[in-house]
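Below, each chain spelled out in residue letters.
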Amino acid sequence: MAEVKVRLFANLKEVAGTSELILPGDTVLEVLEALVRQFPDLKDMIFETTASGPRLCGYVNVFLNGDNIGHLDGLWTNISNNDELGVLPPVSGG
């Protein structure tokens, strides 16, 4: 199983109390599931529950090594050791 650096931003970072951690997984979904097991309060901020299983909330962006997973294989994108996953909620300001 791969180990991936996960970087959290904005309110996700605040809820988790950390901006960076190492988590196991062979796909993006497995890594995010490990994240919400460790920080259950993040679950509803990252996932929507559907009849067909978990789905990313429409406003959450996940990047694997800088590439949006929506342009890859989504939650089923394979992960390798030393990859970096960034999880970004919507951010507004002015």
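Scroll up to find the structure this text is about.
S.K.: Kindly report on the overall build of the chain, identifying the contributing residues and their values.
M.R.: Scanning the chain from terminus to terminus reveals three helices and seven strands. The order of helices and strands in the chain, counted from the N terminus, is β-α-β-α-α-β-β-β-β-β. Over its C-alpha atoms the chain spans a radius of gyration of 12 Å, differing by no more than 12% from the 12 Å that the globule rule assigns to 94 residues. Taken along the three principal axes of its C-alpha coordinates, the chain extends 40 × 30 × 25 Å. Counting the 94 residues in the chain, one finds 41% classified as buried. Looking at the chain alone, contacts between residues at least 24 apart form 49% of all its contacts between residues at least 6 apart. In the form shown here, the chain has an accessible surface area of approximately 5500 Å², with 47% of it arising from carbon and sulfur atoms. Distance from the positive charge centre (6 side chains) to the negative charge centre (13 side chains) of the chain: 4 Å.

S.K.: I'd like to hear about the sheet that holds strand β2 (residues 20–24), residue by residue, with values.
M.R.: One open sheet accounts for five strands, arranged β2-β1-β7-β5-β6; its pairing is mixed. At either end of the open sheet lies a strand with only one pairing partner, and these are β2 and β6 (67–68). Bridging between strand β5 (residues 61–64) and strand β7 (residues 84–88) involves four bridges; their strand directions are antiparallel. Note on β7: the bridge partner recorded for F63 is G86.

S.K.: Before we move on, can you summarise the side chain of T77 with the specific residues and values?
M.R.: Mapped onto the secondary structure, T77 falls in the loop between β6 and β7. Excluding its chain neighbours within four sequence positions, the residues that come into contact with T77 are D26, T27, V28, L64, I69 and L72.

S.K.: With reference to specific residues and values, describe the pattern of salt bridges.
M.R.: Throughout the structure, instances matching the rule amount to five salt bridges. Between K5 and E84 there is a salt bridge, and its shortest N-O distance comes to 4.0 Å. Placement of K5 in strand β1 (residues 3–8) and of E84 in strand β7 is noted, with a sequence separation of 79 residues between them. Overall, K5 belongs to the partly exposed group, its relative accessible area being 29%. When the shortest N-O distance is used, the salt bridge between E84 and R7 registers 3.7 Å. In this pair, E84 sits in strand β7 while R7 sits in strand β1, placing the two residues 77 residues apart along the sequence.

Conventions we followed
Counting restarts for each chain, with residues numbered from 1 along the sequence as it is written. Side-chain atom pairs in this predicted model are given and counted only at pLDDT of 80 or more, local residue features only at pLDDT of at least 70, and totals for whole chains, interfaces and linings cover all residues. Think of the side-chain values as coming from all heavy atoms in the structure, minus any hydrogens and water. Helix and strand definitions follow DSSP, with helices as H or I runs of at least four residues and strands as E runs of at least two, each counted in order from the N terminus. With the radius of gyration taken over C-alpha atoms, the globule rule is written as 2.2 Å times the number of residues to the power 0.38. For the exposure calls, accessible area comes from a 1.4 Å probe over protein chains only, and a residue counts as buried if that area is under 20% of its type's maximum, exposed if over 50%, partly exposed in between. A contact between two residues is defined here by any heavy atoms of the two lying within 4.5 Å. Residue burial considers only the protein chains on display, and all accessible areas are found by Shrake-Rupley using a 1.4 Å probe. Only four residue types enter the charge count: Lys and Arg as positive, Asp and Glu as negative, with His and the chain ends excluded. All charge positions are set by atom: Lys at NZ, Arg at CZ, Asp at CG, Glu at CD. In short, DSSP must find at least two bridges between two strands for them to pair. By salt bridge we mean one thing: a side-chain nitrogen of Lys or Arg within 4 Å of a carboxyl oxygen of Asp or Glu.

Read these as spatial facts, not as claims about activity.
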